[in-house]
Amino acid sequence: MKDPNFWLSHVNASSQVQISRPLFTVAVAKFIRGQLVNNPQLADATPEEIDQITVQQTPQYIAMLESQGMIVPNEATDEYTVDFSIAERAAKLNGNDIPLPL
């Protein structure tokens, strides 16, 4: 049960997740804000300053995820899509190979 090679040889799964862009933007902003609030370097920052940094970083973070191929924008539906599969010891994210640790 603890052997990763066994699972990589036997797992066959795929998924596709779609999320609206506005909802994804809110989720990313909440994630970033949580990271900032817990950052010791920003311990003296006011809530307004944290909010301002969050507003600045959210679009940049989303653009980074797009450029890395982690999310795929769909202009027609105003959604982001994530398509993941793993089979025969190979994983793919949005059509791109993902190296597995073994």
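Refer to the preceding data block for the structure.
Cut-offs applied
- Residues numbered from 1 in each chain as written.
- Predicted model: local features only at pLDDT ≥ 70, side-chain atom pairs only at ≥ 80, totals over all residues.
- Heavy atoms only, no water.
- Salt bridge = Lys/Arg side-chain N within 4 Å of Asp/Glu carboxyl O.
- Helix = DSSP H or I, 4+ residues; strand = E, 2+ residues; numbered from the N terminus.
- Core = buried A, V, L, I, M, F, W, Y, C linked by side-chain atoms within 4.5 Å.
- Buried < 20%, exposed > 50% of the residue type's maximum accessible area, 1.4 Å probe, protein only.
- Contact = heavy atoms within 4.5 Å.
- Axes fitted to C-alpha atoms, helices over the stretch in contact; angles between N-to-C directions.
- Parallel < 35°, antiparallel > 145°, perpendicular 65-115°, else oblique.
- Left-handed = near helix turned anticlockwise from the far one by under 90°.
- Nonpolar A, V, L, I, M, F, W, Y, C, P; charged D, E, K, R; others polar.
- Phe/Tyr/Trp six-rings, centres within 6.5 Å; stacked < 30°, edge-to-face > 60°.

Draft legend 1. Seen up close, the pattern of salt bridges. Evaluated as defined, the whole model comprises three salt bridges. Salt-bridge contacts for Glu75 lead to Arg21; the nearest nitrogen and oxygen are separated by 3.2 Å. Taken together, the residues span a long stretch of sequence, with Glu75 in the loop between β2 (72-74) and β3 (79-87) and Arg21 in helix α2 (residues 21-37) at a distance of 54 residues.

Draft legend 2. Seen up close, the nonpolar core. The biggest cluster of nonpolar side chains holds nine residues, and these are Phe24, Val28, Ile32, Leu36, Ile50, Ile62, Leu65, Ile71 and Tyr80. Among the secondary structure elements, those contributing two or more residues to this core are α2 and α3 (47-67). With four residues, the single largest contributor to this core is α2. In contact with Leu36, other than residues within four places in its own chain, are Leu42, Ile50, Ile53, Thr54 and Gln57.

Draft legend 3. Looking closely at the packing of α2 against α3. In the contact formed by α2 and α3, the axes pass within 8 Å of each other and the chain directions differ by 125 degrees. It follows that α2 is oblique to α3 by the angle criterion. Between α2 and α3 the crossing geometry is right-handed. Contacts between α2 and α3 pair Arg21, Phe24, Thr25, Val28, Ala29, Phe31, Ile32, Arg33, Leu36 and Val37 from the former with Pro47, Ile50, Asp51, Ile53, Thr54, Gln57, Thr58, Tyr61, Ile62, Leu65 and Glu66 from the latter. Class assignment for the residues of the contact of α2 with α3 results in 13 nonpolar, four polar and four charged.

Draft legend 4. Layout of the packing of aromatic side chains. Under the counting rule described, the total for this entry stands at three aromatic pairs. Ring geometry for Phe24 and Tyr80: centres 5.1 Å apart, planes at 55 degrees, overall tilted. Linking Phe24 in helix α2 with Tyr80 in strand β3, this pair joins segments that are 56 residues apart in sequence. In this structure Tyr80 comes out as buried when scored by relative accessible area, which is 6%. Here Phe31 and Tyr61 contribute two aromatic rings whose centre-to-centre distance is 5.8 Å and whose plane-to-plane angle is 45 degrees, an arrangement assigned as tilted. Taken together, the residues span a long stretch of sequence, with Phe31 in helix α2 and Tyr61 in helix α3 at a distance of 30 residues.

Draft legend 5. Representation of the environment of Val55. Mapped onto the fold, Val55 is located in helix α3. For the pair formed by Val55 and Leu36, sequence separation is 19 residues and the distance between their alpha carbons is 12 Å.

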